[in-house]
Amino acid sequence: MPGPASLARSTYVGFWRSARRVARTTGALDALDARRAARPRGVAAQLRSLFAIHDAADLVALDVPWWTYGATDRVAAHLAALGGTARVLEYGSGASSVWLARRAAHVTSVEHHVGFAALVRELARDAGVADRLEVLEVQPDRSPDPVVPSGKRGEEGLDYAAYVRAAERVAGEVDLVVVDGRARAACVEVAARRLAPGGLLLLDDSQRPRYAAAVATSGLVVERYRGWVPSLPYPRETAVLSLPSTPRRP
């Protein structure tokens, strides 16, 4: 039986899915899309995104990842400065995978859910970026004593060691790492060593206490972006980490 939190989430998602059908029928959704096009960071844009809750296809159409807007702008500027040549490693696929592939030379996304990995590949084909997005399916192993536990309620007895090690399949350094999937603390620890000079590491939901130690010991400089997130009615935090600047020798 689902718990209270799961039931509340399902009810919330169901409400906005029903509201979207009504809004589409009445033309309200088209009106919001027009206002969003004129002002992508305005109130209308945030309201429009609420209709896309847990709908990767709709978020792809809106061309937004599921991070705070400030962190999104920071990453977008970083990728733009690299002129489309960036190499990206992502833990946890979704609308962000397509958003990244539209702005980078190559994205490798590690996904633990086979069905969702197939959906993301389909979204990438529809968006015309399938040649720049590789989705690796790495399911967790069952173990009574996981080496790398998820930390997520309901996933006790699952070992994400192979999922974290999937970074080894990407040769060389990367310009951006996105940690937005399972076992995030372990992913930060491994991925921090893969950054190219000037590279960034994005950690979503960075306000959660279980990630504090990994961030503190990463050796990276932390910028915290707290604010609104597409499709959610409350603020969150996304951190962007970077290698410390090396002082110039006199």
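The preceding data block contains the structure.
Read across the sheet, seven strands follow the order 3-2-1-6-7-9-8 without closing on themselves; strand pairing throughout is mixed. Bordering the open sheet on either side are strand 3 (133–137) and strand 8 (221–227), each of which pairs with just one other strand. Along the sheet, successive strands turn relative to each other by an average axial angle of 15 degrees, direction set aside. Those strands touched by helix 7 (residues 114–127) are strand 2 (106–111) and strand 3, and its axis lies near 170 degrees from that of strand 3. Lying on the sheet, helix 9 (residues 184–191) is in contact with strand 1 (87–91), strand 6 (174–179) and strand 7 (195–204); it crosses strand 7 at an angle near 175 degrees.

In the contact formed by helix 2 (residues 28–38) and helix 3 (residues 43–50), the axes pass within 8 Å of each other and the chain directions differ by 135 degrees. When the axis of helix 2 is compared with that of helix 3, the two are oblique. Judged by the twist between their axes, the crossing of helix 2 over helix 3 is left-handed. For the pair formed by helix 2 and helix 3, the contact residues are L29, L32, D33, R35 and R36 on the first element and A44, A45, L47 and R48 on the second. Its residues placed into classes, the contact of helix 2 with helix 3 shows five nonpolar, no polar and four charged.

Now for the pairing of strand 9 (residues 236–242). The element strand 9 is largely enclosed, with a buried count of seven among its seven residues. Burial along strand 9 is two-sided: R236, T238, V240 and S242 facing one way and E237, A239 and L241 facing the other are all buried. Relative to strand 9, strand 7 is paired through five bridges, and the arrangement is antiparallel. If you follow L202 over to strand 9, its bridge partner there is V240.

Okay, the pairing of strand 7 next. Counted residue by residue, strand 7 has eight buried out of 10 residues, so it is predominantly covered. In this structure, strand 6 lies alongside strand 7, joined through five bridges in parallel fashion. When the bridges of strand 7 are listed, V178 appears paired with L202. Regarding the hand of the β-α-β motif, the stretch spanning strand 6, helix 9 and strand 7 is right-handed.

Throughout the structure, instances matching the rule amount to six aromatic pairs. A ring pair is formed by W16 and F51, whose centres lie 5.0 Å apart and whose planes are at 90 degrees; its orientation type is edge-to-face. One end of the pair, W16, is in helix 1 (residues 4–26); the other, F51, is in the loop between helix 3 and helix 4 (56–62), with 35 residues separating them in the sequence. The pair W16 / F51 is uniform in exposure class, with both members buried. An angle of 45 degrees between the planes, with centres 5.6 Å apart, marks the rings of Y91 and Y163 as tilted. Of the two residues, Y91 is situated in strand 1 and Y163 in helix 8 (residues 161–165); the sequence distance between them amounts to 72 residues. Taken together, Y12, F15, W16 and F51 form an aromatic cluster joined through their ring pairs. Across the ring face of W66, the terminal group of R236 is positioned such that the distance to the ring centre comes to 5.5 Å.

How each quantity is defined
- Sequence order sets the numbering: in each chain, residues are counted from 1 along the sequence as written.
- At least 70 in pLDDT is required for a residue's local features to be given in this predicted model, at least 80 for side-chain atom pairs to be given and counted, and no such filter applies to totals for whole chains, interfaces and linings, which use all residues.
- Only hydrogens and water are removed before side-chain values are computed, so all heavy atoms of the structure are retained for them.
- Between any two strands, at least two bridges found by DSSP are needed for them to pair.
- Here a strand is any run of E in DSSP of at least two residues, a helix any run of H or I of at least four, and the numbering for each starts at the N terminus.
- The axes are straight lines fitted to the C-alpha atoms, using for helices just the contacting stretch, and the angles between their N-to-C directions are given from 0 to 180°.
- Two residues qualify as a contact provided that any one of their heavy atoms is within 4.5 Å of a heavy atom in the partner residue.
- Convention used here: angles under 35 degrees read as roughly parallel, angles over 145 as roughly antiparallel, angles from 65 to 115 as roughly perpendicular, and any remaining angle as oblique.
- A clockwise turn of the near helix away from the far one marks a right-handed crossing, whereas an anticlockwise turn of less than a right angle marks a left-handed crossing.
- Following the grouping adopted for this structure description, the nonpolar residues are Ala, Val, Leu, Ile, Met, Phe, Trp, Tyr, Cys and Pro, the charged ones are Asp, Glu, Lys and Arg, and the polar ones are all others, Gly among them.
- Per-residue accessibility, obtained with a 1.4 Å probe over protein chains only, is compared with the maximum for each type, and a residue is labelled buried under 20%, exposed over 50%, and partly exposed between these values.
- Handedness of a crossover: with both strands directed away from the viewer, a clockwise path from the first strand across the helix to the second marks it as right-handed.
- Only rings of Phe, Tyr and Trp enter the pairing, Trp through its six-membered ring, and a pair is recorded when the two centres are within 6.5 Å. The plane angle decides the type: under 30 degrees is stacked, over 60 is edge-to-face, the rest tilted.
- Geometrically, a lysine NZ or arginine CZ counts as sitting over a ring once it is within 6 Å of the ring centre and also within 35 degrees of the ring normal.

Just geometry here; none of it tells us what the structure is for.
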